[in-house]
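Results of the structural survey
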Amino acid sequence: MVDSIEYRPTFCRICEPLCGMIATVENGRLTALRPDREHPLSTGFACQKGIAFTEVQNDPDRVTVPLRKTGDGGFEEVSWEEAMTDIAARLSGIVRREGSGAVGWYFGNPGAFSYSHLMWAGIFIKGLGRHTHFFTAASQDVSNRMVASQLLYGVPTALPIPDVLRTELLVVIGANPVVSHGSVLTLPRIKDRISDVVKRGGRVVVIDPRKTETASAFEWLGIRPDGDAYLLLSVLQVLFDEGLVACDAIRRQADGLEWLKHRCASFTPEATSARTGVEPEVVRALARDLARASSAAVYGRFGTSTGQSGTLTTYLIDAVNIVTGNLDSAGGTLFGDLGIPGQRWSMKLTGAYLRRAYRTKRSRVGGFPRVIGAEPATLMAKEITTPGRRQIRALFVSAGNPVLSVPNGDELESAAEELELMVGLDLYVTETTAHCDYILPVTTMYERDDFPVTFQTQQTTPFRQATEAVVDPVGDVRQEWEIIDDLMQRMVPRPPVFTVLSGVRKLLGWCGVEFTPRTLIDGIIRMSSGGDRFGMRRGGLTFRRLTADYPHGKVLEQFLPSGIAKTVVVYRGGRVHLQHESIATEIQKLSKRTAPEGFPLLMIGRREPRSENSWMHNSELLTRGERGHQALMNIRDAAALDIFDGDRIGVTSPYGTIEIAVSTTEDIMAGVIAIPHGWGHRGTGGWQVANRAGGANVNRLTSSSPEDIEAISGMAWLTGVPVRVELL
Ligand SMILES: Nc1nc2c(c(=O)[nH]1)N[C@H]1C(S)=C(S)[C@@H](COP(=O)(O)OP(=O)(O)OC[C@H]3O[C@@H](n4cnc5c(=O)[nH]c(N)nc54)[C@H](O)[C@@H]3O)O[C@H]1N2
Ligand SMILES: Nc1nc2c(c(=O)[nH]1)N[C@H]1C(S)=C(S)[C@@H](COP(=O)(O)OP(=O)(O)OC[C@H]3O[C@@H](n4cnc5c(=O)[nH]c(N)nc54)[C@H](O)[C@@H]3O)O[C@H]1N2
Ligand code: SF4
Ligand SMILES: [Mo]
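Residues numbered from 1 in each chain as written. Chains lettered and ligands numbered in written order. Predicted model: local features only at pLDDT ≥ 70, side-chain atom pairs only at ≥ 80, totals over all residues. Heavy atoms only, no water.

A word on the site of ligand 1. In the vicinity of ligand 1 lie 30 residues, with Ser 180, Asp 208, Asp 226, Asp 228 and Ser 611 positioned nearest. Separating an oxygen atom of ligand 1 from a side-chain N or O atom of Asp 208 is a distance of 2.6 Å. With the chains in place, 97% of the 910 Å² that ligand 1 exposes on its own is no longer accessible. Breaking the shell around ligand 1 down by element, the ones donating at least two residues are α5 (177-180) and α13 (302-305). (Near = heavy atom within 4 Å. Polar contact = N/O pair within 3.5 Å; in protein donor to acceptor, adjacent residues only side chain to side chain. Areas by Shrake-Rupley, 256 points an atom, 1.4 Å probe, with all protein chains shown as cover. Helix = DSSP H or I, 4+ residues; strand = E, 2+ residues; numbered from the N terminus.)

So, about helix α14 (residues 310-323). Helix length check: α14, at 14 residues, gives a terminal C-alpha distance of 20 Å against a target of 20 Å (1.5 Å per residue), a fit within 8%. The element α14 is extensively covered by neighbouring structure, given that 14 of its 14 residues are classed as buried. Taken from the residues just after α14, Gly 325 is the one with a positive phi, measuring 75 degrees. (Expected span 1.5 Å × (residues − 1). Buried < 20%, exposed > 50% of the residue type's maximum accessible area, 1.4 Å probe, protein only.)

The next subject is the environment of Val 179. Mapping Val 179 onto the fold places it in helix α5. Classification of Val 179 as buried rests on a relative accessible area of 6%. A C-alpha to C-alpha distance of 34 Å links Val 179 and Ile 483, two positions 304 residues apart in sequence. Excluding its chain neighbours within four sequence positions, the residues that come into contact with Val 179 are Glu 213, Arg 607, Glu 608 and Pro 609. (Contact = heavy atoms within 4.5 Å.)

A separate point is the domain arrangement of the chain. Split by domain assignment, the chain resolves into domain 1 (5-51), domain 2 (67-141 + 342-448 + 470-509), domain 3 (160-334) and domain 4 (594-727). Domain 2 and domain 4 are separated by 29 Å when their C-alpha centres are compared. Taken together, the contacts link 33 residues of domain 2 with 31 residues of domain 4. When domain 2 packs against domain 4, the two sides together hide about 2,400 Å² of surface, and 56% of this comes from carbon and sulfur. The largest per-residue losses of area from domain 2 upon contact with domain 4 belong to Phe 368, Leu 404 and Glu 431, which jointly make up 24% of the total buried on that side. Where domain 2 meets domain 4, there are two salt bridges. In this structure, Arg 700 engages Asp 410 in a salt bridge whose closest nitrogen and oxygen atoms are separated by 3.0 Å. Inspection of the domain 2/domain 4 interface yields 15 residue pairs in polar contact (both at pLDDT 80 or more). (Domains from an automatic or database assignment. Buried area = accessible area lost by both parts, 1.4 Å probe. Salt bridge = Lys/Arg side-chain N within 4 Å of Asp/Glu carboxyl O.)

Our focus in this paragraph is the side chain of Asn 697. Following the sequence through the fold, Asn 697 ends up in the loop between α27 (688-693) and β26 (721-727). Judged by its relative accessible area of 7%, Asn 697 is buried. Side-chain polar atoms of Asn 697 contact the backbone oxygen of Val 403, separated by 2.9 Å. Apart from the residues lying within four places of it in its own chain, the contact partners of Asn 697 are Val 403, Leu 404, Gly 409, Ile 658, Trp 679 and Gly 680.

Given 3.6 residues per helical turn, the α-helix brings residues three or four places apart onto the same face. Ile 190, Ile 194, Ser 195 and Val 197 are the residues of helix α6 (residues 190-199) that are buried. The arc enclosing the buried residues of α6, seen along the axis, measures out at 140 degrees, which places them on a common side. Looking at the buried residues of α6, the elements they touch are β9 (169-173), α5 and β10 (203-207). (Arc of directions from axis to C-beta.)

Quick look at the site of ligand 3 now. As a matter of local geometry, ligand 3 sits amid Cys 12, Ile 14, Cys 15, Pro 17, Leu 18, Cys 19, Met 21, Ala 46, Cys 47, Lys 49, Gly 50 and His 181. The residue makeup of the shell around ligand 3, split by class, is nine nonpolar, two polar and one charged. (Nonpolar A, V, L, I, M, F, W, Y, C, P; charged D, E, K, R; others polar.)

To continue, consider the sheet that holds strand β17 (residues 438-441). In spatial order, the strands read β5-β4-β17-β16-β15-β6-β7; together these seven strands make up an open sheet with mixed pairing. A strand with exactly one partner marks an edge of an open sheet, and here the two such strands are β5 (75-77) and β7 (133-136). Strand-to-strand twist of the sheet, defined as the mean angle between neighbouring strand axes without regard to direction, takes the value 20 degrees. As paired elements, strand β4 (residues 67-69) and β17 share two bridges and run antiparallel to each other. Across the sheet, residue Arg 68 finds its bridge partner in β17, namely Tyr 438. Here helix α3 (residues 115-128) sits on the sheet and contacts β6 (103-107), β7 and β15 (394-398); the angle it forms with β6, its principal contact strand, is near 160 degrees. (Pairing = 2+ DSSP bridges. Axes fitted to C-alpha atoms, helices over the stretch in contact; angles between N-to-C directions.)

This paragraph deals with the sheet that holds strand β1 (residues 5-11). As summarised here, the arrangement of the three strands in space is β1-β2-β3, forming an open sheet in which the pairing is antiparallel. Each end of this open sheet is capped by a strand with a single partner; those strands are β1 and β3 (29-35). On average, each strand axis in the sheet is tilted by 30 degrees relative to the strand beside it, whichever way the strands run.

Of all the six residues making up strand β23 (residues 648-653), five are buried; the element is thus mostly covered by neighbouring parts of the structure. Examined bridge by bridge, β23 and strand β24 (residues 656-665) share six bridges and lie antiparallel to one another. Bridge pairing in β24 links Val 651 to Ile 658. Both β23 and β26 contribute to a ladder of four bridges, which runs antiparallel.

Right, here's the structure in full:
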C-alpha cells in the first residue's frame, strides 16, 4: 500500500549533460525516474541509462553494509566500527613505518560528479603527506586536454568549449556525442543542439574511423586511427600556405605564430595522406571551409586524447581554432568562468603552482609529470610491485574499476594481492573491489545532496542547479566524505592538516557554523556568478535558495561570454603561448612512428548507449535482449579472413589476447576494428546480471609499459592499438 508518494525534481549524474529528472519516491523508496519537462535545458529528455538508474538504486546485488575479506576470498559483513578501527590502525601503521608514499588512492569517474567526495578525497590525499600517490580516471581520458591548456593558456583548467549554440561550422573529431551525450561539454539534448547547426544553415563534419551514430546523422569524414595529428598539421599547413591566417589579428592574441608556421610547413596534405587516409583535396577543402566560415569550432575528445600523441593532437585542435580566429569568439570556442571576484589572480597563482608541480614532481616509475596532482594510473600496478621508497602498500579505490578501465588489468589484479591493505568505496563488489580487504558501502547520487561543480565551466549555457538527497540512504551506506572524515579522525598520529581541519571545525562550531563540504560548496555558489555574495547581492543564489526556489535549475546567461581570453589566459598580458619545445619534440616523433609487424588492424573503442564504462551492466533494463559484448569489423576485412557476422574471433595485440563475438559492417574504415570497453565481468564480482553478460576486458589488449605512455601527459594509449584477428 502506498501511504505517501512524492515527485522530487533532481538531476542525473551518470554523465555530463546532467539531465533534469523527476524522482518518484513512494514511502521513502525511489520507485521511478522520469525526465523533467520543466528543466530549462534538458526539457523532458533523459536517456535509457538515466531512467534505468532505479535498478541501481534498488539493486539486490548492491553492497549496503561494510564487507571484510575472509580467508577463502569471500566477504563477511562487519560493523562500521570494526571496519574503520582496523583500517585506521593498519593505515596508521603503514604510514608510521614507511611514510605517506606507501599510500595510494585511485579516484574513478563517478567521483567527479560528487562535490563532497571530490573535496574530501582531495583533502585526505594532500593532508596525509606530500608523497601520497594519487591516480584518477583522467589519465585514461582527459589529462592531455589539461596539459594542452596548461601549455597554451598557462592553466590546465582553462578549457575551450565549442559554442555549438551559435556556430556555423562544427567539426567533431574523435567524439561521438550522440551516444556519449558530450564530454568536456555540458550541453543537454546535445543531438538536438547539434542538429540545430544544420537547421540554421550551417554544417557539421564528423571525423572518425567509424561512421558512428553522430557521423551518420551529419557528414562523415573517415580517418585512420591516430592519424589526427597529421591531419591537423596539414590543415594548418594549408591555412598558412594559402594565406588564410589573419596573422595581424592573431598576433594580438597569441605568441609563436611564426614558430607554428615553420613546424607544420613540411606536413602538406600529400605528405600526410598515407597516415590519415584522407585525400589531399579533402584536407584543403576542410581548411578553406574553416577559414571562410563566419564562425567555426573544432571539437575533439576521447578519440583524439587517447592515441600515441594525444597532447599534440589536442594542442593542434586549439591551434586550428586560434589561427582561424575562432578562439574566444561567438560561434567558435569559448571559455567558461565561475565569475568569482579575484578569480584572475587565484588562477594566476594556481597556474604557476600547477606548472611548477608539473615540472618538478615526477612519478617514481617512469618519471612522468603529475597533471593536476595525478600520476598515470597505467603505472599503478608497477607502483605496487616495484620495491623501494614510496612503494605502495595500501591502496584506496573510490568510484573506480581500474581492473577493467586501465591498461593491463591482469597485472593490477595480481599486484593487488601483494598489498598490505586495499579498501574500496563502491556500490558493488566489482572486478576491482573483489580484491579489497574491506568494501565500504556508499550512497548513490540520489542519496546525497549535490552541486556539479566540476562541470560548471564546461556548459555552453551558464546554468546552476543543486539538489538535496531525494531518498534516505539504504541499509548502512554512508557518503564518501563521511567515511574519509571518520578515517582522518582515527589516524595515529594525526597528520597536521587533519588536526587543523578538526580545529577549524571546532572553532566554527562554537560560532554555530557547521563545517562540512556543504559549507564550502555553498561558499562557492554564493561567490560565483548569480550568487548572493554573502548578502551583498539581494536575491542571489545560495545552495538552499537553489534547491528551494529553483528546483529545476536556473539559467544565468543564454550564452558563454566571448572576448574574455585576456582574463582567462594567465600568461603575462593574457597572451596565448603557441611555442613549446615539448610540442616540437612530439611533432618530430610523428615522422618516426612505426607499426609492429604481424598486426595489420588498428583497434579503436566504442561507447554504447546502454553502457556507462564498466558499471551499468547489472541493470536488467540495460542488458535485456541477449545484449552482449561485440566487436565491429569492416565486412571486407572480415570476409578476407573467412569471418562472418556473429562468429567468435580471437583478437591479439602485442600485449595480450581476448575472445569476442564479431559483427560485420560497412560503416567502419577498412583496417579498423572497434571494441567497447568496460566488459569482462566474471564470477569475481558480486554483480550477477553483469557476470552473466560477461564479455572480455579490452584492456588486456592495451599496454602498461612506461614506453607506451604518452610522455607529456602520462596518458594511456587506448586507440589505434595494433591487433590481428583470427576465427575461433
Ligand atoms: N553511453 C555512454 N555514454 C558515455 C560513456 C559511456 O561509457 N557510455 N562514458 C562517458 C565518459 S567517461 C566519457 S570520457 C565520454 C566520452 O565521450 P566521447 O569522446 O564523445 O566518446 P567516445 O564514444 O569514446 O568517442 C570517441 C570517438 O572517437 C573515435 N575515435 C577512436 N579513435 C580515433 C582516432 O584516432 N581519431 C579520431 N578522429 N577518432 C577516433 C571513436 O570511433 C569514437 O566515435 O562519454 C561519456 N558518456
Ligand atoms: N580501453 C578503454 N579503456 C577505457 C576507456 C575506453 O574508452 N577504452 N575509457 C576510459 C574513460 S574515459 C574513463 S572515464 C574510465 C572509467 O574508469 P573508472 O572510473 O575506473 O571505472 P568505471 O567503469 O566508471 O567504474 C566506476 C565505479 O564506481 C562505482 N560507482 C558508481 N557511482 C558511485 C558513487 O557515487 N560513489 C562511489 N564511491 N562509487 C560509485 C561503480 O559501481 C563502479 O564500480 O575508463 C577508461 N578506460
Ligand atoms: S544522458 Fe542519460 S545518463 Fe547522461 S545525464 Fe542524461 S539521463 Fe543521465
Ligand atoms: Mo571518461
